[in-house]
Amino acid sequence: MRPKMYLFGDSITEESFSNGGWGASLASCFSRSVDVVLRGYSGYNTRWALKVADKVFPAEGGATVLAVTVFFGANDASLPDRYSAFQHVPLPEYKQNLHAIVSFLKQRCPNAVILLITPPPVDEEGRLRDPYMDNAMGLPERTNEAAGAYAKECISVAQAYGCPVIDLWTKIQQLPDWQNSCLRDGLHLTESGSRVVFEEVVMKLKERGLSLETLPADLPLLADIDPNDPLKAFHN
């Protein structure tokens, strides 16, 4: 009955339905108009995402998808000589994989706005304080410089397809004390960081004609129900 919005990405997407998360905020914002479908996979890179895309997006029902956020790159940008090397995807392949993902989505969900989101910046000191695996080398497994290179390629793919894109890598670094205010472990988002993503997604979708003002409610709103003849609203 309702159109859908898919959130496709790695752990930053998987965590987005947590308290104060950007996905939860989207679900609340569009609660009467769109089903926000979470498809976030912790640790995934674009190589793995491309392998599972056909399972994530069913062949049936693609025409009802209004928007898809594609939020990969944080894991691709893991350094090839550090403890997360198994997640690393070389920059040229990352770009190629993103091309393939967008091309697939354009065919599978022909009416959808495909919104790319760059990887966020990395606070290397934060990664050292909170490693998620044994870090015998004592070096951060990601760098902000590498994340920036992947963000740049994400933007170039979006431009090639005429898709909207959120340059999260740049946007977050424009904020005061972003390392602590927006990132909880040098990579994943705090509630403030999630707010940045939420506001950017809403703005980018509105620019493409998808907003609370343009999307109809699925069923009559309370304000549209006549107290003297409540059932009348349900006959229309």
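As annotated in an unreviewed UniProt entry, the protein carries the name SGNH hydrolase-type esterase domain-containing protein and comes from Erythroxylum novogranatense. Regarding the protein, the relevant UniProt record gives this comment under Sequence similarities (unreviewed entry): "Belongs to the 'GDSL' lipolytic enzyme family."

Note on placement: His 188 falls in the loop between α8 (178–181) and α9 (191–207). Classification of His 188 as buried rests on a relative accessible area of 11%. A polar atom in the side chain of His 188 sits 2.8 Å from the side chain of Ser 11.

Pairing is parallel in the open sheet, where five strands are placed in the order β2-β1-β3-β4-β5. Both edges of this open sheet fall to β2 (35–40) and β5 (165–166), since each of them pairs with a single strand only. The sheet contact formed by strand β1 (residues 4–9) and β2 spans six bridges and is parallel. Each residue of the ladder has a partner; that of Met 5, found in β2, is Val 36.

What follows deals with helix α3 (residues 46–56). Among the residues of α3, those classed as buried are Thr 46, Ala 49, Ala 53 and Val 56. All buried residues of α3 fall inside an arc of 80° around its axis, so they share one side. Counted as exposed and oriented over 90 degrees from the buried face of α3: Lys 51 and Lys 55. In this structure, the buried residues of α3 make contact with β1, β2 and α4 (91–108). Measuring from the side-chain oxygen of the N-cap residue of α3 to the backbone nitrogen of Arg 47 gives 3.1 Å; that N-cap residue is Asn 45.

In this fold, Cys 154 is placed in helix α6 (residues 144–161). Distance from Cys 154 to Phe 71, taken between C-alpha atoms, is 9.4 Å for residues 83 residues apart in sequence. Not counting chain neighbours up to four residues away, the residues in contact with Cys 154 comprise Tyr 94, Leu 98, Leu 116, Ile 117, Thr 118 and Val 165.

Definitions and cut-offs
- For every chain, the first residue of its written sequence is number 1, and the numbers climb from 1 along that sequence.
- Only residues with pLDDT of 70 or above have their local features reported here, since the model is predicted, and side-chain atom pairs are shown and tallied only from 80 upward, although totals for entire chains, interfaces and linings are computed over all residues.
- Side-chain metrics rest on all non-hydrogen atoms present in the structure, leaving aside hydrogens and water.
- UniProt positions are given in the numbering used here, feature names are shortened, and annotations may be inferred rather than shown by experiment.
- Here a helix means four or more residues in a row that DSSP labels H or I, a strand means two or more in a row labelled E, and each is numbered from the N terminus.
- Throughout this description, buried means an accessible area under 20% of the type-specific maximum (1.4 Å probe, protein chains only), exposed means over 50%, and partly exposed covers the range between.
- Pairs of N or O atoms within 3.5 Å make up the polar contacts considered here, provided that, within protein, one atom can donate a hydrogen while the other can accept it, and that residues adjacent in sequence are counted only when both atoms are side-chain atoms.
- Pairs of strands are assigned from DSSP output, requiring at least two bridges between the strands.
- When we speak of the arc, we mean the arc of directions from the helix axis to the C-beta atoms.
- A contact between two residues is defined here by any heavy atoms of the two lying within 4.5 Å.

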